[in-house]
Amino acid sequence: MLARTRAMVLTLGAVPTLAWAGSAPPAPADPRLEVVATGIVRPLQLAWDGRALLVLSPGIRGESAGEIYRVPVDGPFPLDLSHQPRTRIPFADPAMANIGSLAPDLASGALYLGEENGKRVWRLGADGRLVLYIKGLRRLAGGSTLAFDRAGRLILVDYADPYLSQPEERAP
């Protein structure tokens, strides 16, 4: 396990972000940083589920609404995630958009998944079932638009643009 004074880094290209797409990541310039995972094509968001880091990525070939990688933090590092199992989120219906944000519920083990630029939030239960949880939002942007507060309430960012909203929803 890493000490608190060190940071774990998932890198993409030469810039520290979420995942390195190449076969061998560059060594971090700062010795307090450690590359922990590689091999995710386009990481969108990083979250902690109480046991591992979760990395959300769109489906590689467009056949799924998203993919979730689990990165154990107890090493060895770096872990090449391109050959590891991942959770594929199916398109639940023809109108479903790609998943753009996630929030793990530590109490239930469920993941809440927001559509990228969409109007719905889905719940992926610990049993693997995907169920519509919220519909009728205005627009969920991608990445970090869902979170849980300390009381266990789901918090979300619903982008309401007065130029795009219905006339009765416009500001005076």
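Now for a quick tour of the structure. Computed from a prediction, not measured in an experiment: that's the story for all the values here.

All right, on to the packing of aromatic side chains then. For the structure shown, the criterion picks out two aromatic pairs. Here the aromatic rings of Tyr 112 and Tyr 133 are separated by 4.9 Å at their centres, their planes lie at 70°, and the arrangement is edge-to-face. With Tyr 112 in strand β10 (residues 111–115) and Tyr 133 in strand β12 (residues 130–134), this residue pair connects regions lying 21 residues apart in the sequence. By relative accessible area, Tyr 112 is classed as buried at 6%. Plain terms: the ring middles of Tyr 112 and Phe 148 are 5.3 Å apart, the flat faces sit at 65° to each other, and that makes the pair edge-to-face. Highlighted residues: Tyr 112 in strand β10 and Phe 148 in strand β13 (residues 146–148), separated in sequence by 36 residues. A relative accessible area of 23% means that Phe 148 is categorised as partly exposed. Through pairs of rings, three or more aromatic residues link up here, namely Tyr 112, Tyr 133 and Phe 148.

Spatially, four strands are ordered β4-β5-β6-β8 in an open sheet, and the strand pairing comes out antiparallel. Edge positions in the sheet fall to β4 (45–48) and β8 (87–89), since each has one partner strand and no second. Averaged over all neighbouring strand pairs, the angle between strand axes comes to 25°, with direction disregarded. Of the pairings in the sheet, the one linking β4 to strand β5 (residues 52–57) comprises four bridges and is antiparallel in character. Paired with Gln 45 across the two strands is Leu 56, which belongs to β5.

Of all five residues in β10, five are buried; the element is thus mostly enclosed. Every second residue of β10 is oriented toward a common face, with Leu 111, Leu 113 and Glu 115 on one face and Tyr 112 and Gly 114 on the other, all of them buried. Strand direction decides the pairing type here: strand β9 (residues 99–104) and β10, joined by five bridges, are antiparallel. Across the sheet, Ala 103 pairs through a bridge with Tyr 112, a residue of β10. In this structure, β10 lies alongside strand β11 (residues 121–124), joined through four bridges in antiparallel fashion. Each residue of the ladder has a partner; that of Leu 113, found in β11, is Trp 122.

The rules we used
- Throughout, a residue's number is its position along its own chain's written sequence, starting from 1.
- In keeping with the predicted nature of the model, local features appear solely for residues at pLDDT of at least 70, side-chain atom pairs appear and are counted solely at 80 or more, and the whole-chain, interface and lining totals rest on all residues.
- Side-chain measures here rest on the full set of heavy atoms in the structure, leaving out hydrogens and waters.
- Working definition: a ring pair exists when centres of Phe, Tyr or Trp rings (six-membered ring for Trp) sit within 6.5 Å. Plane angles under 30 degrees give stacked, over 60 give edge-to-face, the rest tilted.
- Counting from the N terminus, the helices are the DSSP runs of H or I reaching at least four residues and the strands are the DSSP runs of E reaching at least two.
- Note on exposure labels: buried denotes an accessible area under 20% of the residue type's maximum, exposed denotes more than 50%, and partly exposed covers the range between, all computed with a 1.4 Å probe on protein chains only.
- Each pair of strands is called paired provided DSSP finds at least two bridges between the two strands.
- Only the stretch in contact is used when fitting a helix axis, every axis being a line fitted to C-alpha atoms; angles between N-to-C directions are given from 0 to 180 degrees.

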